[in-house]
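# Chain and residue survey
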Amino acid sequence: MTSRFSFGFVLIYSLATAQAPAKPADSGGTTVSTRARAIHDSAIVVDTHADTPQRFLDEGFDIGSTDAKDIGHMSLDKARRGNLGAEFFSIWVEPVTNQSHYARHTFDLIDSVYEQAARHPDRMMMAFSVADIERAHREHKFAALMGIEGGHSIENDIRLLRDYYRLGVRYMTLSWSNTNEFADSSGDIDDPKVQHHNGLTDLGKQVVLEMNRLGMMVDISHVADKTFWDVIAMTKAPVIASHSSARALVDAPRNMTDDMLRAVAKNGGVVQVNFFNGFDDADFHKAMEAQAKDKAAAVEKYVEQLKVEGKSVSYVDEDRIEREWMAKIPRPPLKSLIDHIDHIARVAGIDHVGLGSDFDGVSGATPQGIDSAADLPKITQALLDRGYSANDIHKILGGNLLRVFAKVEGVSREMRAPTAPSK
Ligand SMILES: [Zn+2]
């Protein structure tokens, strides 16, 4: 999940007035060559961030939908066309509207993923390990995994963290855009009204170590820079950034500096590039800043109007408004996204970059040509065009994430092993 106006980073954007220059018209449909298609189809493609569970729960969306008019990024059909083998579905609990029942909403979202898998046992399965992802691949099934987006879901209770692991959650983003009681977030780090901790608290450190022990990947997307460095200093397993891009290309606090990219490489982890235009394209980012004030005013007016009518803002409403504002800004070319993959591959190394689309969480603001999971082969084509080898492309498409996941499982086994009795 990238931006929700109720608690989105848009509210803390500086109110720059620069206008984005016009982009050339959408060339969109990159043709995928036979060679690119063959490379793409021989990979286990893993994406680490899709917000589709909001749709399962709030819209009653069925992942088996073949509705040609559906503007969502994800369905079994779209996944199959894009040879997407495994998806980490985001369990994201909006922190303002769900106050006092974070865990309850977390469980509801987890349930929504299981229910989809139960409806489509012939084409989809729940997966909890590298071995499960490989088995799903062999059986030509779509592997559904889960990652919690935002540490507030554990309600400061390490036992809830363990319960989520037992239910199959395999990564947790330590914070979303909101600083919680154990980790500072990049989303509100400049807000003086928010109480910060200078990174991770003692509980936060305990959470990281317990995640290492359980075999739950530690996700540093969204966290404040200091939180990132605290995690790197103490984690015993490689980390992931489930959906993060490069700050050297687009100066957004959600993006990672080159020093952070190098630190993830040293840690053995992986940075999964976010497809959101606001993080990947400098012009789009500027245009968002420019519209932030008008957008906030329009949103406020809408929320007030609903209040008068005794209603609250639903996820569907939020998404509709967010889409209207995003659609005012020209979509950048696919090149903007590929530039981030390229940059991270050069700075961190080819073994430390992958795909973290943020599908269904960016209100339609993906680059030209990327309208759903069905378009993933275009990324392979673009990488091939830049001279990446088939082997390198396979690493980016999922190999790196599977290596990190396997290492996290290994560290967990070591940490859980009974220690020899002392003499
Ligand atoms: Zn997010």
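Calculation notes
- Residues numbered from 1 in each chain as written.
- Predicted model: local features only at pLDDT ≥ 70, side-chain atom pairs only at ≥ 80, totals over all residues.
- Heavy atoms only, no water.
- Helix = DSSP H or I, 4+ residues; strand = E, 2+ residues; numbered from the N terminus.
- Rg over C-alpha atoms; globule rule 2.2 N^0.38 Å.
- Buried < 20%, exposed > 50% of the residue type's maximum accessible area, 1.4 Å probe, protein only.
- Contact = heavy atoms within 4.5 Å.
- Areas by Shrake-Rupley, 256 points an atom, 1.4 Å probe, with all protein chains shown as cover.
- Lys, Arg positive; Asp, Glu negative; His and termini not counted.
- Charge placed at Lys NZ, Arg CZ, Asp CG, Glu CD.
- Polar contact = N/O pair within 3.5 Å; in protein donor to acceptor, adjacent residues only side chain to side chain.
- Pairing = 2+ DSSP bridges.
- Salt bridge = Lys/Arg side-chain N within 4 Å of Asp/Glu carboxyl O.
- Core = buried A, V, L, I, M, F, W, Y, C linked by side-chain atoms within 4.5 Å.
- Phe/Tyr/Trp six-rings, centres within 6.5 Å; stacked < 30°, edge-to-face > 60°.
- Lys NZ or Arg CZ within 6 Å of the ring centre and 35° of its normal.
- Right-handed = clockwise from strand over helix to strand, strands pointing away.
- Expected span 1.5 Å × (residues − 1).
- Axes fitted to C-alpha atoms, helices over the stretch in contact; angles between N-to-C directions.
- Parallel < 35°, antiparallel > 145°, perpendicular 65-115°, else oblique.
- Nonpolar A, V, L, I, M, F, W, Y, C, P; charged D, E, K, R; others polar.
- Left-handed = near helix turned anticlockwise from the far one by under 90°.

To continue, consider the overall build of the chain. Across its full length, the chain holds 15 helices and nine strands. The globule rule puts the C-alpha radius of gyration for 423 residues at 22 Å, and the 20 Å found for the chain is close to it. Along the first, second and third principal axes, the C-alpha set of the chain runs to 70 × 55 × 45 Å. Buried positions account for 60% of the 423 residues belonging to the chain. Contacts spanning at least 24 positions in sequence make up 76% of the contacts within the chain whose residues lie at least 6 apart. For the chain, the accessible area works out to roughly 16800 Å², and carbon and sulfur atoms hold 51% of it. The chain carries 48 positive and 60 negative side-chain charges, and their two centres are separated by 4 Å.

For the rest of this paragraph, the subject is the environment of glutamate 181. With respect to the helices and strands, the residue glutamate 181 is situated in the loop between strand S5 (169-173) and helix H7 (202-214). Here glutamate 181 falls in the exposed class, since its relative accessible area comes to 59%. Distance in space between the C-alpha atoms of glutamate 181 and proline 421 is 37 Å, their sequence separation being 240 residues. Contacts of glutamate 181, omitting those with residues within four sequence positions, involve Asn156, His197 and Thr201. A distance of 3.1 Å separates a polar atom in the side chain of glutamate 181 from a polar atom in the side chain of asparagine 156.

The buried count for strand S1 (residues 45-50) comes to six of six residues, which makes it a mostly enclosed element. Relative to strand S2 (residues 84-92), S1 runs parallel, the two sharing four bridges. Of the residues in S2, the one forming a bridge with alanine 50 is phenylalanine 89.

In total, this model carries 31 salt bridges according to the counting rule given. Between lysine 378 and aspartate 375 there is a salt bridge whose closest N-O contact spans 3.2 Å.

Turning our eyes to something else, we now look at the nonpolar core. Ranked by internal contacts, the top residues of the largest apolar core, which has 83 residues, are Met172, Leu174 and Ile379. Beyond its immediate chain neighbours, meaning those up to four positions away, isoleucine 379 contacts Phe275, Leu334, Leu337, Ile338, Ile341, Leu355 and Ile370. Counting 21 residues, the second-largest nonpolar core is a separate cluster that includes Val46, Val270, Leu402 and Val404.

Under the criterion given, the structure shown has 12 aromatic pairs. Clustering of aromatic rings is evident, with ring pairs tying together Phe56, Phe61, Phe89 and Phe142. Positioned over the ring face of tyrosine 165 is arginine 170, at 3.7 Å from the centre of the ring.

The next subject is the side chain of arginine 254. Mapped onto the fold, arginine 254 is located in the loop between strand S7 (240-241) and helix H9 (258-267). Aspartate 358 provides the closest opposite charge to the buried, unpaired arginine 254, separated from it by 4.9 Å. Among the polar contacts made by the side chain of arginine 254, one reaches the side chain of histidine 222 at a distance of 3.3 Å. With residues near it in sequence (within four places) discarded, arginine 254 still touches Ser186, Ser221, His222, His243, Ser244, Asn274 and Phe279.

Let us now look at the pairing of S5. Consecutive side chains of a regular strand alternate in pointing toward one face of the sheet and then the other. For S5, the buried fraction is high: five of the five residues fall into the buried class. Inspection of the sheet shows strand S4 (residues 142-149) paired to S5 by four bridges, in the parallel sense. In the sheet register, glycine 147 faces S5, and the bridge partner there is tyrosine 171. Following the backbone out of S4, through helix H6 (residues 158-166) and into the adjacent parallel S5, one traces a crossover that is right-handed. Across three bridges, S5 lies against strand S6 (residues 217-219) in parallel orientation. By the bridge assignment, methionine 172 is partnered in S6 with valine 218.

What follows concerns helix H12 (residues 315-326). Compared with the 16 Å implied by 1.5 Å per residue over 12 residues, the 16 Å span of H12 between its first and last C-alpha is a close match. Those residues of H12 not exposed but buried are Tyr315, Asp317, Glu318, Asp319, Ile321, Glu322, Trp325 and Met326. Each element contacted by the buried residues of H12 is listed here: helix H2 (52-59) and helix H11 (282-308).

All right, on to the packing of H2 against helix H4 (residues 102-119) then. As a packed pair, H2 and H4 sit with axes 9 Å apart at the nearest point and diverge in direction by 95 degrees. For the element pair H2 / H4, the angle class is roughly perpendicular. Of H4, the residues touching H2 (which contributes Pro53, Gln54, Phe56 and Leu57) are His105, Asp108, Leu109, Ser112, Val113 and Gln116. The residue inventory of the contact of H2 with H4, partitioned by class, reads five nonpolar, four polar and one charged.

Within H2, the full set of buried residues consists of Thr52, Pro53, Gln54, Arg55 and Phe56. Contacts from the buried residues of H2 go to S1, S2, H4 and H12. Phi turns positive, to about 65 degrees, at glycine 60, one or two residues after H2.

Now for the packing of helix H8 (residues 225-234) against H9. At a minimum axis distance of 11 Å, the contact between H8 and H9 shows a crossing angle of 20 degrees. With respect to their mutual orientation, H8 and H9 come out roughly parallel. H9 is crossed by H8, and the crossing has left-handed handedness. On H9, the residues touching Asp225, Phe228, Trp229 and Ile232 of H8 are Asp259, Met260, Ala263, Val264 and Asn267. For the contact of H8 with H9, the residue count by class is six nonpolar, one polar and two charged.

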